[in-house]
Amino acid sequence: MPPADSLTRSEALWTAVDRYVAETLMAPDPVLDAALAANTAANLPAIDVSPTQGRFLQLLAQVQRAHRILEIGTLGGYSTICLARALPPGGQLVTLELDPRHAKVALANIAHAGLAHAVELRLGPALQSLAQLHAERVDPFDLIFIDADKPGYPDYLPWALKLSRPGTLILADNVIRDGGVADPNNTDPAVVGARRYLEMLAADPRLSTAVMQTVGSKGYDGFAFAHVLSL
Ligand code: SAH
Ligand code: DHB
Ligand code: MG
């Protein structure tokens, strides 16, 4: 590990570059700014994706031409809004949230973004909502974003696959955790969950998998990508 002062300088630099990128290629976004302000006012934890990551999610949904998006872990709806903006007319995003306080803030933010018509929030433990969606035989999703409790990721993957089609992109946030994921002796339940999730991806021949480390205003973390080749 590099010394702490060098890490601190890095975080400051990553944040400055994130700000530069946002200023250079992202227009002012009063809707997302208002969502963050509402989250802060409601004391929600500031663990949303960063603005530049949100733009990346939107771009992925566009590349994927996603008509149906599933999100596991809504918080205040920041990533929900970013993803839902990529939907074509008639498209739908279903987002799953356990905490009614978070859900209430998210629904207001989503309505303020003019996306209420496209977003359905299901309140409750994600595992129950996933089983319910499957029981309802909903159409498969084109993109699935896993971003709820990290220890739950290994349990979410089989349900994500049940709700997929060949071609679906399953994306998971926070799989690097300050590099903790590379340490087999790390017992942080979030790290253990991420490691198990990545092992499951690697062991599944139906999936084409990649991991990207990220740095920025939200620190050092990363995304896991799994492209469903067949089912
Ligand atoms: N995707 C959001 C951040 C989500 S933070 C964004 O980037 O803007 C993780 C969220 O998952 C929290 O709101 C938390 O309440 C929720 N969560 C935790 N455990 C859950 C569970 N078992 N089922 C559904 N949601 C859960
Ligand atoms: C945490 C959760 C997130 O989804 C995230 O992006 C960062 C941190 C957390 O629970 O600590
Ligand atoms: Mg996250």
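Described in the following lines is the structure provided in the data block. (Residues numbered from 1 in each chain as written. Chains lettered and ligands numbered in written order. Predicted model: local features only at pLDDT ≥ 70, side-chain atom pairs only at ≥ 80, totals over all residues. Heavy atoms only, no water.)

Here we come to the pattern of salt bridges. Enumeration over the complete set of coordinates arrives at nine salt bridges. Note that Arg122 and Glu120 form a salt bridge whose closest N and O atoms lie 2.7 Å from each other. Residue Arg122 is classed as buried on the basis of its relative accessible area, which comes to 15%. Overlapping salt bridges, with partners in common, bring together Glu120, Arg122 and Glu136 in one network. (Salt bridge = Lys/Arg side-chain N within 4 Å of Asp/Glu carboxyl O. Buried < 20%, exposed > 50% of the residue type's maximum accessible area, 1.4 Å probe, protein only.)

This part is about the side chain of Lys150. As for its placement among the helices and strands, Lys150 is situated in the loop between strand S4 (143-146) and helix H7 (153-162). Relative accessible area serves as the criterion here: at 13%, Lys150 is assigned to the buried category. If sequence neighbours within four positions are ignored, Lys150 has contacts with Asn174, Arg177, Ala190 and Gly193. (Helix = DSSP H or I, 4+ residues; strand = E, 2+ residues; numbered from the N terminus. Contact = heavy atoms within 4.5 Å.)

Every protein donor of the magnesium ion (ligand 3) is accounted for by Asp147 (OD), Asp173 (OD) and Asn174 (OD1), and the metal-donor separations fall at 2.0 to 2.2 Å. Residue class for Asp147 comes out buried when judged on its relative accessible area of 13%. Residue class for Asp173 comes out buried when judged on its relative accessible area of 5%. (Donors = N, O, S within 2.8 Å, 3.2 Å for Na, K, Ca; no water.)

Right, let's get into the pairing of strand S1 (residues 68-72). With respect to burial, S1 is a largely interior element, five of its five residues being buried. Going residue by residue along S1, you find Arg68, Leu70 and Ile72 tucked away on one face and Ile69 and Glu71 tucked away on the opposite face as well. Relative to strand S2 (residues 92-97), S1 is paired through five bridges, and the arrangement is parallel. What sits directly across from Ile69, in S2, is Leu93. For the crossover from S1 across helix H4 (residues 78-84) to S2, the handedness is right-handed. Sheet analysis places S1 next to S4, joined by four bridges and oriented parallel. Bridge pairing in S4 links Glu71 to Phe145. (Pairing = 2+ DSSP bridges. Right-handed = clockwise from strand over helix to strand, strands pointing away.)

Turning our eyes to something else, we now look at the nonpolar core. Leu70, Ile72, Leu96, Ile146, Tyr156, Ile170 and Tyr197 are the most contacted members of the largest nonpolar core, which totals 30 residues. Those elements that provide at least two residues to this core are S1, S2, helix H6 (126-135), S4, H7, strand S5 (169-173), helix H8 (189-203) and strand S7 (219-228). Ranked by residues supplied to this core, first place goes to H7 with five residues. With sequence-adjacent residues up to four places away left out, Ile72 is seen in contact with Leu96, Ala126, Leu130, Phe145, Ile146, Asp147, Ala148 and Tyr156. With 29 residues, the next largest nonpolar core counts Leu57, Ile69, Ile81 and Phe223 among its residues. (Core = buried A, V, L, I, M, F, W, Y, C linked by side-chain atoms within 4.5 Å.)

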